[in-house]
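Reading the structure
Here are the chains, one letter per residue:
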Amino acid sequence: MPDPLLSTVTRMARLIGSAGRFGGLTATQRAALDYLSRANRFSRTPSAATAYLGATRGTVSQTLKALAAKRHLTASIPEGDRRSVSYALTEKGKFALEQEGALAIALADFGPQDRAIASFTLQHLLDGVLRATGAPGFGQCHTCRHHLRGDAGRHCAFHDAGLSEAESHLICHDHARPS
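So, here's what we can say about the structure. This is a predicted model, so every value here is computed, not measured.

**Structural notes on the sheet that holds strand S3 (residues 147-150)**
Strand order in the open sheet made by the 3 strands is S3-S4-S5, with antiparallel pairing throughout. With one partner strand each, in any of the chains shown, S3 and strand S5 (161-163) form the two edges of the open sheet. When the angles between neighbouring strand axes are averaged without regard to direction, this sheet yields 35 degrees.

**A look at the nonpolar core**
Formed by 18 residues in total, the largest nonpolar core has its most connected members in Leu 33, Tyr 35, Leu 36, Leu 64, Leu 67, Leu 73 and Leu 89. Looking at this core, the elements that each hand over two or more residues are helix H2 (27-38), helix H3 (46-53), helix H4 (57-69), strand S2 (86-89) and helix H5 (91-98). The element contributing the most residues to this core is H2, with 4 residues.

**Comments concerning a nonpolar patch on the surface**
Taken together, the side chains of Leu 122, Leu 125, Leu 126 and Val 129 make up a nonpolar region of the molecular surface, amounting to roughly 320 Å² of accessible area. Among the structural elements, Leu 122 can be located in helix H7 (residues 112-133). For Leu 122, a relative accessible area of 46% translates into the label partly exposed.

**Let's talk about the packing of H2 against H4**
Relative orientation of the contacting elements H2 and H4 amounts to 80 degrees, with a least axis distance of 10 Å. Judged by the angle between their axes, H2 and H4 are roughly perpendicular. On the side of H2, the interface is formed by Thr 28, Gln 29, Ala 32, Leu 33 and Leu 36, while H4 contributes Thr 59, Thr 63, Leu 64, Ala 66 and Leu 67. Its residues assigned to classes, the contact of H2 with H4 comprises 6 nonpolar, 4 polar and no charged.

**Brief notes about the environment of Ala 51**
Topologically, Ala 51 is positioned in helix H3. Sequence separation of Ala 51 and Phe 138 is 87 residues, and the distance between their C-alpha atoms is 9.2 Å. In this structure Ala 51 touches Pro 136 and Phe 138, once residues within four positions along its chain are discounted.

**Focus on the packing of aromatic side chains**
A complete count under the given rule lists 3 aromatic pairs for this structure. Seen from their ring centres, Tyr 35 and Phe 138 are 5.9 Å apart, and the 90 degrees between their planes marks the pair as edge-to-face. Residue Tyr 35 is found in helix H2, and its partner Phe 138 is found in the loop between H7 and S3; the two are separated by 103 residues along the sequence. A residue is classified by how much of its surface remains accessible, and Phe 138, at 8% relative accessible area, is buried.

**Quick look at H2**
Its 12 residues place the ends of H2 17 Å apart at the C-alpha level, agreeing with the 16 Å of an ideal helix rising 1.5 Å per residue. Of all the residues in H2, the buried ones are Gln 29, Arg 30, Ala 32, Leu 33, Tyr 35 and Leu 36.

**Observations concerning the side chain of Asp 174**
If you trace the backbone, Asp 174 turns up in the segment after S5. Notably, Asp 174 is buried but unbridged: the nearest opposite-charge side chain belongs to Arg 145, and the N-O separation is 11 Å. Not counting residues within four places of it along the chain, the set of residues in contact with Asp 174 comprises Cys 144, His 146, Phe 158 and His 159.

**Section: the pairing of strand S4 (residues 153-156)**
Both S3 and S4 contribute to a ladder of 4 bridges, which runs antiparallel. Opposite Leu 148, over in S4, you have His 155 as the bridge partner. Taking the residues that link successive antiparallel strands as the turn, the S4-S5 hairpin has 4 residues, and the phi of Asp 160 there is positive, at about 50 degrees.

**Brief notes about the pattern of salt bridges**
Per the stated rule, a full pass over the model turns up 5 salt bridges. Glu 91 is the salt-bridge partner of Lys 94, the closest N and O atoms lying 3.4 Å from each other. Of the two residues, Lys 94 and Glu 91 both sit in helix H5, 3 residues apart, roughly one turn of that helix. Among the residues examined, Lys 94 registers a relative accessible area of 40% and is labelled partly exposed. For the salt bridge of Asp 127 with Arg 177, the shortest nitrogen-to-oxygen distance reads 3.8 Å. Of the two residues, Asp 127 is situated in helix H7 and Arg 177 in the segment after S5; the sequence distance between them amounts to 50 residues.

So, how was this worked out
- Positions within a chain are numbered from 1, following the residues in the order the chain's sequence is written.
- Residues qualify for local features only when their pLDDT is at least 70, as the model is predicted, and side-chain atom pairs are given and counted only at 80 or more; totals for whole chains, interfaces and linings, by contrast, use all residues.
- Note that the side-chain values use all heavy atoms of the structure and ignore hydrogens as well as water.
- For two strands to pair, DSSP has to find at least two bridges joining them.
- Strands are runs of DSSP state E lasting at least 2 residues, helices are runs of H or I lasting at least 4, and numbering of each runs from the N terminus.
- To obtain an axis, a line is fitted to C-alpha atoms, over the contacting stretch when the element is a helix, and the angle between two such axes runs from 0 to 180 degrees between their N-to-C directions.
- Throughout this description, the term nonpolar core refers to a set of buried Ala, Val, Leu, Ile, Met, Phe, Trp, Tyr and Cys residues connected via side-chain atoms within 4.5 Å.
- For the exposure calls, accessible area comes from a 1.4 Å probe over protein chains only, and a residue counts as buried if that area is under 20% of its type's maximum, exposed if over 50%, partly exposed in between.
- Patch construction takes residues with relative accessible area above 30% that form no salt bridge. Like charges are linked within 9 Å, and nonpolar side chains (Val, Leu, Ile, Met, Phe, Trp, Tyr) are linked within 5 Å.
- Here, Shrake-Rupley sampling with a 1.4 Å probe gives the accessible areas, and only protein chains in the shown set may cover a residue.
- The working definition used for a salt bridge is a side-chain nitrogen of Lys or Arg within 4 Å of a carboxyl oxygen of Asp or Glu.
- Angle categories are assigned with fixed cut-offs, so that under 35 degrees is roughly parallel, over 145 is roughly antiparallel, 65 to 115 is roughly perpendicular, and the rest are oblique.
- Residue contacts are counted whenever heavy atoms from the two residues lie within 4.5 Å of one another.
- Residue polarity is assigned by list, with Asp, Glu, Lys and Arg as charged and Ala, Val, Leu, Ile, Met, Phe, Trp, Tyr, Cys and Pro as nonpolar; anything else, Gly included, falls into the polar class.
- Pairs were defined over the aromatic rings of Phe, Tyr and Trp, the Trp ring being its six-membered one, requiring ring centres within 6.5 Å. Orientation was assigned from the angle between planes: stacked under 30 degrees, edge-to-face over 60, tilted for the rest.
- The span one expects for a helix is its residue count, reduced by one, times 1.5 Å.
- In summary, the charge assignment counts Lys and Arg as positive and Asp and Glu as negative, without counting His or the chain termini.

Listed below in structure tokens is the structure:
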């Protein structure tokens, strides 16, 4: 007999993915916008988005191009790395991300305690999937072993760059759990 939890999670993922467009965006485009809105400046690249989304390079490349064509993203060349491109959400992209999809509507019925329980449970499940697949975990800068906090402020030792308070709560593709 199939595992009911596995069946429920799989069905929910399929329904969310096929629930139609979110403000004119496909589920993949919305997921890319969501990732880029929560990623730090070092992680807004096509390769980081590919790793986070678990998609192919081609799919992510076409998704980012479509979002840029819809004026939801702007592309720029990071200083010191002419071979790379970095993306940022435009106001139109931020607005599109605020449009509620099926999952947001369902979550509106959850109170704070239910949300906390669901968040903990789903994060634990995601951590297990990441371990099983070998996919990168990502994580917020302030929980990384490369994150330093001192009198001069916050600093990323991996990128040798200062971080603002707000940046320290964004996710990073170079995140390393403390040992």
